[in-house]
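An overview of the molecular structure
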Amino acid sequence: MASGLIRRVREAIPRAHLKADGAKDVHGEDMWLDNDDIRPLKLADRTWNLWTYLTFWFSATATVSNWYAASSAQALGLSMWESLGCSVGGQVLIAIVIVFNGRAGAKYHVGFPILNRAAFGIFGAWWPTFNRAVMAIVWNGVNAVQGGQCVYVMLHALTPKIANIKNVMGDGSALDSGGMVGFGIFWICTCFFLIIPIPKMRKLVYAKLVVFVISAIAMLAWTLTKAGGVGEVARQPGTATGSTRTWLLIRFFLLGAANCATFASNAADFQRYATKPNDVIIGNVLGFPLANLIVSLVGNLVGSSSQVVFGKLIWNPLTYLDMLQSTDYTAGNRAGCFFIAACFTYSAIFSSIFENSLPAGNDIAALFPKYLSVRKGFFICAVISFAINPWYLLGSASIFISFLASYQIFLSSITGVLLCHYYIIARGYLEIDDLYTSRKGGVYHYFYGWNWRAYAAYILGIAPNFYGFLNNMGVSAPAGVTKSYYFAYEIGLFVSFGSYWLFNWMSPPALTFPLSEWKEPKDYVRVEERGIIIEGREDVESVNLEMHEKKLGSHEKGQPMPTSVNF
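Note that the structure is a prediction, hence the values are computed from the model and not measured.

For the protein chain, the helix and strand inventory stands at 25 helices and zero strands. Within the protein chain, the fraction of its 567 residues that count as buried is 56%. For the protein chain, the accessible area works out to roughly 23500 Å², and carbon and sulfur atoms hold 65% of it.

Quick look at the structure:
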């Protein structure tokens, strides 16, 4: 048994080699554009179906922070139910953006970095891709700190000595020495799971749902039993009235959407694994807000019970768990805390992978495709996220945390450009081969590989929100600026979308279609796999390879793009 497990792990680890698969014969400037991982996925790797996407969001959103997601609104005067309603309403809104922005990924099976090339240019895509890679790495470190806290609760359940380790971390750290032990264990466990290819993680996604349900029921039943029922927080009305209440409702409704801006921007990274392109629609529109609602509802009910048990509100479930076992360190309490904290740990691992490692891996592979695969990108993300000492970032850099929370304004501008390009300018059509070449005649070469239209729209989308961004980080600003910043995500999205459309109307690019035409394929298939039917994929449309070759031939010679393309 053990030898078989070790053998499978060894087989899963790729042999060391300098160049990425599919990049060995790529030369010149194209070495920065192509490898097998960032091309459209092979049919065999498109394994995520409707049920995978429905349950996927429990893997992505069942985090400790989402357990008390509505607590900040309650602290400002909304009731628990008003807070949850605002949160869910905003998440329904962003779920729609996720579906639309990820559709190109579901149809062509490419990720966010490659879609950037279509809009920003083959080299211009470097900035938004690098931008998002850095943020994913930083968030990976931040989430690992939270995962380390989960492991610490488990260790504390095993032995009280972990709480008495001499703290050498200093006042600026969010983790003490015991927490750092938990962080190290969590980091190693996450790296172990990164060995598994993403297409094969489907069963682990299903398992994550089971783990969440078990942990949620266990903690809810335990804490409500101790409290003798739901706490006062769940029943008390909000304290805000009049215009204050109205602005709070607007603010937290829009924040419900803006806080999920990362998922909207990189939707193609996980929708590219779809077996059928339309599977992602119900999976996202229903699964995303439903998962967030259930997680937040359970978390808030648990938090409300703490007021009865300890006489004060404890929103963080990890703090609550550790207090439960610390005040009554019995075998039963310790076993319960260990079990629930273990479930939290498992959830945190996959939240970290899907929210951070997967986007960062795609980005890093797209930045250096000659040498790096997506899997190598996963481990580079893990190493750098450890090296930046995220426990100090969380413990002392309040402005930095405000910056992370405000990053929506940059993501909204990128998302607006991507949406406009796919739906308005390209009308659902991507010239796949030109996304991987530096050839000057390529339709995405634009001006030396950069699309000025996209960058102009990107900057214009950021500009209206920048004062509010600075205000959110501590710079003084009028009340009007503060309130207008509540709409920052929507403003950035619509301004960048509209201005990109305008610039393309003023100066049409090489590849554009009239609004009366729609060029999206049923489901893009690699040239070498066209006409192939694999088990469970009889729905894949057969492709006329000869026609595709003729299309490429005419395009190579500089002839006009066909007005109709059959896939």
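On to the packing of aromatic side chains, then. Overall, the coordinates contain 41 aromatic pairs when judged by the stated rule. Lying over the aromatic face of tyrosine 273, arginine 272 brings its terminal NZ or CZ to 5.8 Å of the ring centre.

What follows is about the confidence of the model for the protein chain. Mean pLDDT over the protein chain stands at 83; residues scoring 70 or higher make up 85%. Mean pLDDT across the secondary structure elements of the protein chain bottoms out at helix α25 (residues 545-556), with 41, and peaks at helix α21 (residues 452-462), with 97. Low confidence marks residues 533-567, where pLDDT is under 50. Its contacts with residues over four positions away, or in another chain, come to 52 contacts.

For the pair helix α8 (residues 177-193) and helix α17 (residues 374-387), the least separation of the axes is 11 Å and the interaxial angle reads 170°. Of the possible angle classes, the one that applies to α8 and α17 is roughly antiparallel. Across from Phe183, Trp187 and Cys191 in α8, the residues of α17 making contact are Phe379, Ala382, Val383, Ser385 and Phe386. Here the residues of the contact of α8 with α17 sort into seven nonpolar, one polar and no charged.

Now for the packing of α8 against helix α16 (residues 331-367). At a minimum axis distance of 10 Å, the contact between α8 and α16 shows a crossing angle of 60°. Between α8 and α16, the angle is such that the two are oblique. For the crossing formed where α8 meets α16, the hand is right-handed. Counting all contacts with α8, which are made through Phe186, Cys189, Thr190 and Phe193, the residues of α16 involved are Thr345, Tyr346, Ala348, Ile349, Phe350 and Ile353. Looking at the contact of α8 with α16 residue by residue, the classes come out as eight nonpolar, two polar and no charged.

According to the stated counting rule, one finds 13 salt bridges in the structure shown. Across the pair aspartate 36 and lysine 42 runs a salt bridge whose closest N-O atoms are separated by 3.8 Å. The closest approach of N and O atoms between aspartate 523 and arginine 46, which form a salt bridge, is 3.7 Å. Taken together, the positions of aspartate 523 in the loop between α24 (488-506) and α25 and arginine 46 in the loop between α1 (2-12) and α2 (50-61) put the pair 477 residues apart, joining distant regions of the chain. Accessibility assignment for this pair places aspartate 523 and arginine 46 in one class, buried. Connected through salt bridges with shared partners, the residues Asp34, Asp36, Arg39, Lys42, Arg526 and Glu528 form a single ionic network.

What follows is about helix α5 (residues 80-108). Relative to the 42 Å expected for 29 residues at 1.5 Å per residue, α5 spans 42 Å between its end C-alpha atoms, a close match to the ideal helical length. Roughly 45° is the biggest bend found in α5, and it falls at glycine 102. Backbone geometry just after α5 places histidine 109 at a positive phi near 60°.

Our focus in this paragraph is unusual backbone geometry. A positive phi angle, close to 50°, is found at tyrosine 446, a residue other than glycine. On the secondary structure map, tyrosine 446 appears in the loop between α20 (408-425) and α21.

Conventions adopted
Residues numbered from 1 in each chain as written. Predicted model: local features only at pLDDT ≥ 70, side-chain atom pairs only at ≥ 80, totals over all residues. Heavy atoms only, no water. Helix = DSSP H or I, 4+ residues; strand = E, 2+ residues; numbered from the N terminus. Buried < 20%, exposed > 50% of the residue type's maximum accessible area, 1.4 Å probe, protein only. Areas by Shrake-Rupley, 256 points an atom, 1.4 Å probe, with all protein chains shown as cover. Phe/Tyr/Trp six-rings, centres within 6.5 Å; stacked < 30°, edge-to-face > 60°. Lys NZ or Arg CZ within 6 Å of the ring centre and 35° of its normal. pLDDT = per-residue confidence, 0-100. Contact = heavy atoms within 4.5 Å. Axes fitted to C-alpha atoms, helices over the stretch in contact; angles between N-to-C directions. Parallel < 35°, antiparallel > 145°, perpendicular 65-115°, else oblique. Nonpolar A, V, L, I, M, F, W, Y, C, P; charged D, E, K, R; others polar. Left-handed = near helix turned anticlockwise from the far one by under 90°. Salt bridge = Lys/Arg side-chain N within 4 Å of Asp/Glu carboxyl O. Expected span 1.5 Å × (residues − 1). Bend = angle between axes of the 7 residues up to and from the residue.

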